Amino acid sequence: MIQIIQHLPDRVIQTEGKEFLYFSGTSYLGISRNPDFQGYLQEGITQYGTNYSSSRISNIQLDIFEETEQYLATYVKTEAALTFSSGFLAGQAIVRMLQTEGELFYAPRTHPALWTSNSDPSFLSSYQEWIEHICNTAEASTSSPLVFLTNSLDPLYGESYDFSWLQHLSTHKRFILVVDDSHGIGVTGNDGNGIAEQIPSLPHVEVIIVGSIGKALGIPGGVVAGNTQRIAQLKKSPFFTAGSPIPPAYLYAFLQAKELYQDLRKKLFENIELFQQETLSLQLFQSFPNYPVFYTQHNTLYDSLYQHQILISSFPYPSPYHPYITRIILNASHTQEDIYQLINSLKIQKA
């Protein structure tokens, strides 16, 4: 059921004249409605205005872009980084470049930001099957490089991905791995730096991290992070030179909010641990440690919880013709009381 609302949700949502607890969305740290972050953003607007209506290659350059990109590169453990006005634009910028360099291989459910056509995504049923497929393909292929595109995790079905398979690729060939970390950056990894440190560092595998920074980090933009040569090449792409940048006020707020992000991440993990401990015996959900997405095959859970004024995520994806995906998504704004109200409602449904 689609709900039309007049405000941005946080831990609660107002709809149909009632207040519902809200366990959906991708603002995992609750940044979108966080008053401290809004304060930093207001400071940024005072200094930089509401928008930067110019090109990144104009003769007037703002220092905040380079400062942010240097920090992001350090944060996600790469040599360099480049920001774009959206994760989708960042994905298109890198994939359009790479499609001229090698053959593209898509993992299951790779985000459309990395597609070059509607026929790109793999329909293999599991990530593990895809790994076996591409390892066999890589062994037999005479092409070089081979370009692998994948999400860092599956935010729809609550699954983590392992990248140790890269160590089994032939050292006599060259490979490029593009990882969309939109749903990891800010939550997973050490200090929220995402997937980078979980990917083996191999001389014959170039790793490129791409994604939105509008999920956990709450910044309306995207990033591509990789080696210095790749980012220098990307700076010449029309996707970068002709595209509008992230409003600099948000980048100012991002740099000011470093400690705030860590505090909210700690709160999120507390909420996750409480929910996991109290619902494990119900055997309703698929999830992995320290991640706020809990997938269930029980689509009827949406209607049941709705009767208890609790709104969760349930809609067909990636198109209206696909099956419903039903999930409970926690964020750092939820109170302990919110979590227990959800838990108690679930136990009533299960009884």
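Residues numbered from 1 in each chain as written. Predicted model: local features only at pLDDT ≥ 70, side-chain atom pairs only at ≥ 80, totals over all residues. Heavy atoms only, no water.

## Considerations on the overall build of the chain
Logical step 1: If you tally the helices and strands in the chain, you get 10 helices and 13 strands.
Logical step 2: Radius of gyration (C-alpha) of the chain: 21 Å, near the 20 Å computed for a compact globule of 351 residues.
Logical step 3: For the C-alpha atoms alone, the extent of the chain along its principal axes is close to 60 × 55 × 35 Å.
Logical step 4: Among the 351 residues that make up the chain, the fraction classed as buried is 52%.
Logical step 5: Surface exposure of the chain reaches about 16300 Å², of which carbon and sulfur atoms provide 50%.
Logical step 6: Side-chain charges in the chain split into 20 positive and 32 negative, and the spacing between the mean points of these groups amounts to 2 Å. (Helix = DSSP H or I, 4+ residues; strand = E, 2+ residues; numbered from the N terminus. Rg over C-alpha atoms; globule rule 2.2 N^0.38 Å. Buried < 20%, exposed > 50% of the residue type's maximum accessible area, 1.4 Å probe, protein only. Areas by Shrake-Rupley, 256 points an atom, 1.4 Å probe, with all protein chains shown as cover. Lys, Arg positive; Asp, Glu negative; His and termini not counted. Charge placed at Lys NZ, Arg CZ, Asp CG, Glu CD.)

## Considerations on the sheet that holds strand E5 (residues 146–151)
Logical step 1: In space, the 6 strands of this open sheet follow the order E3-E10-E9-E8-E5-E4, with mixed pairing throughout. In this open sheet, the two edge strands, each paired with only one partner strand, are strand E3 (80–84) and strand E4 (103–106). Pairwise comparison of adjacent strand axes, ignoring direction, gives a mean angle of 20° for this sheet.
Logical step 2: As judged from the 4 bridges shared by E4 and E5, these two strands associate in the parallel manner. When the bridges of E5 are listed, Leu 104 appears paired with Val 147.
Logical step 3: Each of E3 and strand E10 (222–226) touches helix H2 (residues 63–75); the most contacted strand, E3, lies at about 125° to it.
Logical step 4: The strands touched by helix H3 (residues 87–98) are E3, E4, E5, strand E8 (175–180), strand E9 (205–212) and E10; relative to E9, the strand with the most contacts, the crossing angle is about 150°. (Pairing = 2+ DSSP bridges. Axes fitted to C-alpha atoms, helices over the stretch in contact; angles between N-to-C directions. Contact = heavy atoms within 4.5 Å.)

## Here's the deal with the packing of aromatic side chains
Logical step 1: Applying the stated criterion to the full structure yields 24 aromatic pairs.
Logical step 2: On the basis of an interplanar angle of 55° and a centroid distance of 6.4 Å, the ring pair of Tyr 48 and Tyr 252 is categorised as tilted. One end of the pair, Tyr 48, is in helix H1 (residues 35–48); the other, Tyr 252, is in helix H7 (residues 248–256), with 204 residues separating them in the sequence.
Logical step 3: Judged by its relative accessible area of 16%, Tyr 48 falls in the buried class.
Logical step 4: Of the residues examined, Tyr 252 reaches a relative accessible area of 16% and is grouped as buried.
Logical step 5: Residues Phe 315 and Tyr 317 carry aromatic rings whose centres are separated by 6.2 Å and whose planes lie at 80° to one another, so their mutual orientation is edge-to-face.
Logical step 6: According to the relative accessible area criterion, Phe 315 is partly exposed, its value standing at 35%.
Logical step 7: In this structure Tyr 317 comes out as partly exposed when scored by relative accessible area, which is 29%. (Phe/Tyr/Trp six-rings, centres within 6.5 Å; stacked < 30°, edge-to-face > 60°.)

## Describing the side chain of Asn 34
Logical step 1: Take Asn 34: it is sitting in the loop between strand E2 (18–23) and H1.
Logical step 2: Within the structure, Asn 34 has its side chain in polar contact with the backbone nitrogen of Phe 37 (distance 3.0 Å).
Logical step 3: Discounting residues that sit within four places of it in the chain, Asn 34 has contacts with Leu 260 and Leu 264. (Polar contact = N/O pair within 3.5 Å; in protein donor to acceptor, adjacent residues only side chain to side chain.)

## A look at the side chain of Asp 180
Logical step 1: Residue placement: Asp 180 occurs in strand E8.
Logical step 2: Although Asp 180 lies buried, it forms no salt bridge, and the closest oppositely charged side chain, Lys 215, sits 8.1 Å away as judged by the N-O distance.
Logical step 3: When sequence neighbours within four positions are dropped, the list of residues in contact with Asp 180 reads His 111, Leu 114, Thr 150, Asn 151, Ser 152, Val 210 and Gly 211. (Salt bridge = Lys/Arg side-chain N within 4 Å of Asp/Glu carboxyl O.)

## Comments concerning the packing of H1 against H7
Logical step 1: At their nearest, the axes of H1 and H7 sit 7 Å apart, and the two run at 135° to each other. By the angle between their axes, H1 is oblique relative to H7. Two packed elements cross with a definite hand, and for H1 against H7 that hand is right-handed. Packed against H1, whose contacting residues are Phe 37, Tyr 40, Leu 41, Glu 43, Gly 44, Ile 45, Gln 47 and Tyr 48, the element H7 presents Pro 248, Ala 249, Tyr 250, Tyr 252, Ala 253, Phe 254 and Gln 256 at the interface.
Logical step 2: When grouped by side-chain class, the residues that make up the contact of H1 with H7 number 11 nonpolar, 3 polar and 1 charged. (Parallel < 35°, antiparallel > 145°, perpendicular 65-115°, else oblique. Left-handed = near helix turned anticlockwise from the far one by under 90°. Nonpolar A, V, L, I, M, F, W, Y, C, P; charged D, E, K, R; others polar.)

## Here we look at H2
Logical step 1: In a regular helix each residue adds 1.5 Å, so 13 residues correspond to 18 Å; H2 covers 18 Å between its end C-alpha atoms and thus fits that length.
Logical step 2: Every buried residue of H2 is listed here: Ile 64, Phe 65, Thr 68, Glu 69, Leu 72, Ala 73 and Tyr 75. Take H2 and look down its axis: the buried residues cluster within an arc of 165°, on one side only. Facing away from the buried side of H2, by more than 90 degrees, are the exposed residues Asp 63, Glu 66 and Thr 74.
Logical step 3: Contacts from the buried residues of H2 go to H1, E3, E10 and H7.
Logical step 4: Backbone geometry just after H2 places Lys 77 at a positive phi near 65°. (Expected span 1.5 Å × (residues − 1). Arc of directions from axis to C-beta.)

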